[in-house]
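# Fold and contact review
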Amino acid sequence: MAASSLCHRICSVRRLLARAHTHLSRDGNTSMRYYSHLVKGKSVKIGCASGFWGDTAVAAPQLIYGSKVDFIVFDYLSEITMSLLTAARRKAPNLGYAPDFVQVSMAPFIKDIKRKGIKIISNAGGVNPHGCAAALQEVCSKEDISLNIAVVDGDDLMSQLPELQKLGITEMDSGMELPKTVHSMNAYLGSGPIARALNLGADVVITGRCTDSALVLGPLVHTFGWKMDQFDLLASGSLAGHLIECGAQVTGGVFTDWHSVPNWDDIGFPVVECGEDGEFLVTKPPNTGGLVSKATVAEQLLYEIGDPAHYFLPDVVCDFSNVTLDEVGENAIHVSGARGNPPSGEFKVSATYMDGYRSTAVVFVGGPRAAEKVEKTANAVLKRCQRIFSQLQLQNFSDINMEVFSTDHLYGPQAKSSKNVREAVMWLAVHHSQRKALDFFTREVAPAGTGMAPGLCNIAGGRPKVSPVLKLFSFLYPRDNFNINISMNGEHVEGYVVPTGPTAEYLKRAYPPHSADEQEMPKLPQGEFSYRLEDLAYTRSGDKGNSANIGVIARHPLFLPYIKQALTAEAVEQYFSHLFPDRIGPVCSRVKRFDAPGIHGINFLLTNALGGGGIASLRSDAQGKALGQILLDFELTDVPDLQTMAQELQA
């Protein structure tokens, strides 16, 4: 390409970037000034040692001994975890909490936690926070350690189920009525009662259901004395919590450029150092593996949210759309720019309910034409079961999902692999309203190894198991109807009065969600080059119930207009058309796109794309974890030599 032509195109792109309100990264000197400003004022360090129930046991000692933190938070809960804990408590009244918190994360280190003065915040209480506190108190007694252990409760609404069923409550997205088979029902509480418990002298705060980010926001409100109407500060603190709530996902875990992340075996867990003004650093303990970069933080910023400009939490409606990230040192990212608006007058309540049973068979198959053998075997097993159902007058399966691994099955119409593979895996998942029907299914999988295709090697995990299907039901309930209480060392201390707020309907009118596709895009210069999305962007995907999100962050600001031009909501919906089995017509608006210009990103929300989501889904990727990776193969065509232009701009 001629130098004059390249210069012309660079100038054109600069003008387009200005029109699109994008901006280049700040230089190192500017970043260092932000860093100096942050550490000069009062600050607090908070580390996260658990992103889910079952996270690694190396995180807690890493933060206790390797980083001078003031608080450590442990996040254990998901919607499904709450239901599992409910089932556990029904079997034994003293259960219903995450035992790992007490026995693995706290007991071995309790003396050093006390000696170092580290305060602990966790939602490990699940559906029995008082039981969790009692178990931890036993540990303290055995070690002759005195800790003030506070409990926040009031999120569990199961005792009010009969009354709630009379109110005509409907699901906030689908409009369905509250089922009779509700298994668990918990509201997402905010940071206020956590902060209050700390104000009362708590060394450990154990909660039931609360928003994950509240575990971090609570200590910040306590430390700095933030008021519950200082919404920009609450949004900043919520962002700090959102970034570290999933543990190592912000320090290089599940990162697009996974090959560049060192030492997964000792990956560092995240630490935020927050200033009184709401700005903060994301770091990790020194001499640990992993990576903290603008890209790892940006990916996590968009993880499992919808519209970045309207992220609804109990304490604040956050606007993360213009958040900026600055690298201020090795594995240190400065975060600023979060804004907040008043929260709604309701809390979101997540209930789970029983909806029949499921079973999944995973079978390994080898030899020529393996994929064909998988398909024929699966169809034969299903047909045999249906014959048995007919003889016993049982209904047919209510849902079936069959996948053939090694054939790009997850890619749907984008699949490129030949079906003439020599190794394949059958994923056959079924749903039925009656358990006894699936008992027949579990028995009929193994006979395929002697009476069907050759080369059936093994059934993963042995004979398939039957498990209940728990589906998610979410609704809004006035916050004034909750009785939130704080206890200390087994004694009730006080009730917590939640600040009032406007209704959700008011907020929807005041802050209507916008779709980036509604905005007119400037016409961009064309060229002769093609790129895979991975060449130009990072991606991260996750789930919220039955919906999925895919965050896309440009590797360079120059790339963003071209990504937006090609990667429209309609293009993404067509790319993932196989995820929408009830699709009607060419475009159903199942996908919405939102802007996040501060990090040069866009976010896609794919509604009803996960086959039910969680353990209700029969899919192998029930939480949309692979969707971002699959989107990396999206092709952008007829564009200029963007990478060379970016290098020229950088120079």
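## Some remarks on the overall build of the chain
Looking only at helices and strands, one finds 21 helices and 26 strands in the chain. Buried positions account for 56% of the 651 residues belonging to the chain. Sequence separation of 24 or more characterises 77% of the internal contacts of the chain that already satisfy a separation of 6 or more. Carbon and sulfur atoms provide 50% of the accessible area of the chain, an area that totals close to 27,600 Å².

## Points about the packing of aromatic side chains
Applying the stated rule across the entire model yields 17 aromatic pairs. With centroids separated by 5.6 Å and ring planes inclined at 25°, the aromatic side chains of Phe255 and Tyr538 adopt a geometry described as stacked. Of this pair, Phe255 sits in the loop between helix H11 (231-244) and strand S7 (271-275) while Tyr538 sits in strand S22 (residues 537-544), and the two are 283 residues apart along the sequence. Look at Phe389 and Phe397: their rings are 5.0 Å apart centre to centre, the planes differ by 70°, and that puts the pair in the edge-to-face class.

## Describing the pattern of salt bridges
The full count for this structure, using the stated rule, is 13 salt bridges. For Asp203, the salt bridge is made with Lys119, and the minimal N-O distance between the two is 3.3 Å. Taken as a pair, Asp203 in the loop between helix H9 (192-199) and strand S6 (204-207) and Lys119 in strand S3 (residues 119-122) lie far apart in primary sequence, 84 residues in all. Residue classification places Asp203 among the buried residues on the basis of a relative accessible area of 18%. Here Lys119 falls in the partly exposed class, since its relative accessible area comes to 22%. With its nearest N and O atoms 2.6 Å apart, the salt bridge here joins Glu494 to Arg196. With Glu494 in strand S20 (residues 491-496) and Arg196 in helix H9, the pair connects residues that are 298 residues apart, well separated along the chain. On the accessibility criterion, Arg196 (30% relative accessible area) is partly exposed. Residues participating in the shared-partner salt-bridge network are Arg532, Glu534 and Asp633.

## A word on helix H13 (residues 370-391)
Because each turn of an α-helix spans 3.6 residues, side chains separated by three or four positions end up pointing in the same direction. In this model H13 runs 32 Å from its N-terminal to its C-terminal C-alpha over 22 residues, within 8% of the 32 Å that 1.5 Å per residue would give. Within H13 the residues assigned to the buried category are Ala370, Ala371, Lys373, Val374, Thr377, Ala378, Val381, Leu382, Cys385, Ile388 and Phe389. Within H13, the buried residues cover an arc of 160° as seen down the axis, which keeps them to one side. In H13, those exposed residues whose orientation departs by more than 90 degrees from the buried face are Lys376, Lys383, Ser390 and Gln391.

## Observations regarding the sheet that holds S22
As a general point, the strands of a sheet are linked pairwise by backbone hydrogen bonds and lie either parallel or antiparallel. Reading across the sheet, the four strands line up as S22-S23-S25-S24 and stay open at both edges, with antiparallel pairing between neighbours. The sheet terminates laterally at S22 and strand S24 (591-596), the two strands that pair on one side only. Taking each pair of neighbouring strands and ignoring which way they run, the sheet shows an average axis angle of 20°. As judged from the eight bridges shared by S22 and strand S23 (residues 547-554), these two strands associate in the antiparallel manner.

## Section: the nonpolar core
Of all hydrophobic cores here, the largest spans 81 residues; its most connected members are Leu243 and Val335. Of the residues forming this core, the biggest block, eight residues, is contributed by H11. Residues Ile64, Ala135, Cys140 and Val204 belong to the second largest nonpolar core, which totals 41 residues.

## Observations regarding the confidence of the model for the chain
Averaged over all residues, the pLDDT of the chain equals 90, while 90% of them reach at least 70. Counted against residues more than four places away or in other chains, residues 1-36, with its pLDDT under 50, gives 50 contacts.

## Here we look at the sheet that holds strand S9 (residues 311-312)
Spatial strand order, S9-S10-S13: three strands in an open sheet with antiparallel pairing. Only two strands of the sheet have a single partner each, and these edge strands are S9 and strand S13 (339-341). Examined bridge by bridge, strand S10 (residues 317-319) and S13 share three bridges and lie antiparallel to one another. Across the sheet, the residue bridging to Val317 is Asn341, located in S13.

## Notes on the packing of H11 against helix H12 (residues 294-301)
The contact between H11 and H12 brings their axes to 9 Å, and the two run at 105°. Relative to H12, the element H11 is oriented roughly perpendicular. Taken together, the residues of H12 that come into contact with H11 (itself represented by Leu239, His242 and Leu243) are Val297, Gln300 and Leu301. Residue composition of the contact of H11 with H12, by class: four nonpolar, two polar and no charged.

## Here we look at the environment of Cys48
Looking at where Cys48 falls in the secondary structure, it is placed in strand S1 (residues 43-50). Classification of Cys48 as buried rests on a relative accessible area of 0%. Expressed as a C-alpha distance, the spacing of Cys48 and Val73, which sit 25 residues apart in the sequence, is 4.9 Å. Apart from residues lying up to four places away in sequence, Cys48 is in contact with Leu63, Val73, Ile244, Glu245, Gly247, Phe269 and Pro270.

## Remarks on the environment of Leu533
Looking at the element boundaries, Leu533 is found in helix H17 (residues 533-536). A sequence separation of 98 residues divides Leu533 from Leu631, and the C-alpha atoms of the two residues are 7.3 Å apart. In contact with Leu533, other than residues within four places in its own chain, are Thr539, Val552, Ile563, Leu567, Leu631, Leu632, Phe634 and Leu636.

## Notes on the side chain of Asp319
Tracing the chain through its elements places Asp319 in strand S10. For Asp319, which is buried and forms no salt bridge, the nearest opposite charge comes from Arg339, at a distance of 7.4 Å. A polar contact of 2.6 Å, which involves the side chain of Asp319, links it to the side chain of Ser321. Dropping the residues within four chain positions of it, Asp319 is found in contact with Pro308, Ala309, Gly337, Ala338 and Arg339.

## Observations regarding the packing of helix H5 (residues 99-106) against helix H7 (residues 129-142)
Across the interface, H5 lies against H7 with an axial gap of 9 Å and an inter-helix angle of 25°. Between H5 and H7, the angle is such that the two are roughly parallel. The way H5 lies across H7 gives a crossing that is right-handed. For the pair H5 and H7, the contacting residues are Phe101, Val102 and Met106 in the first and Cys132, Ala135, Leu136 and Val139 in the second.

## Topic: unusual backbone geometry
One non-glycine residue, Gln393, lies in positive phi territory at about 60°. In this fold, Gln393 is placed in the loop between H13 and strand S15 (399-405). Unusually for a residue other than glycine, Ser406 sits at a positive phi of about 90°. Relative accessible area serves as the criterion here: at 37%, Ser406 is assigned to the partly exposed category.

## What about the pairing of S24?
Within S24, five of the six residues are buried, leaving the element largely enclosed by the surrounding structure. In terms of strand pairing, S24 meets strand S25 (residues 601-606) through six bridges, oriented antiparallel. Bridge assignment links Val591 to a residue of S25, and that residue is Leu606. In textbook terms, the turn of a hairpin is the stretch between consecutive antiparallel strands, and for S24 and S25 this stretch comprises four residues, one of which, His600, has a positive phi near 60°.

Conventions and cut-offs
- Residues numbered from 1 in each chain as written.
- Predicted model: local features only at pLDDT ≥ 70, side-chain atom pairs only at ≥ 80, totals over all residues.
- Heavy atoms only, no water.
- Helix = DSSP H or I, 4+ residues; strand = E, 2+ residues; numbered from the N terminus.
- Buried < 20%, exposed > 50% of the residue type's maximum accessible area, 1.4 Å probe, protein only.
- Contact = heavy atoms within 4.5 Å.
- Areas by Shrake-Rupley, 256 points an atom, 1.4 Å probe, with all protein chains shown as cover.
- Phe/Tyr/Trp six-rings, centres within 6.5 Å; stacked < 30°, edge-to-face > 60°.
- Salt bridge = Lys/Arg side-chain N within 4 Å of Asp/Glu carboxyl O.
- Expected span 1.5 Å × (residues − 1).
- Arc of directions from axis to C-beta.
- Pairing = 2+ DSSP bridges.
- Axes fitted to C-alpha atoms, helices over the stretch in contact; angles between N-to-C directions.
- Core = buried A, V, L, I, M, F, W, Y, C linked by side-chain atoms within 4.5 Å.
- pLDDT = per-residue confidence, 0-100.
- Parallel < 35°, antiparallel > 145°, perpendicular 65-115°, else oblique.
- Nonpolar A, V, L, I, M, F, W, Y, C, P; charged D, E, K, R; others polar.
- Lys, Arg positive; Asp, Glu negative; His and termini not counted.
- Polar contact = N/O pair within 3.5 Å; in protein donor to acceptor, adjacent residues only side chain to side chain.
- Left-handed = near helix turned anticlockwise from the far one by under 90°.

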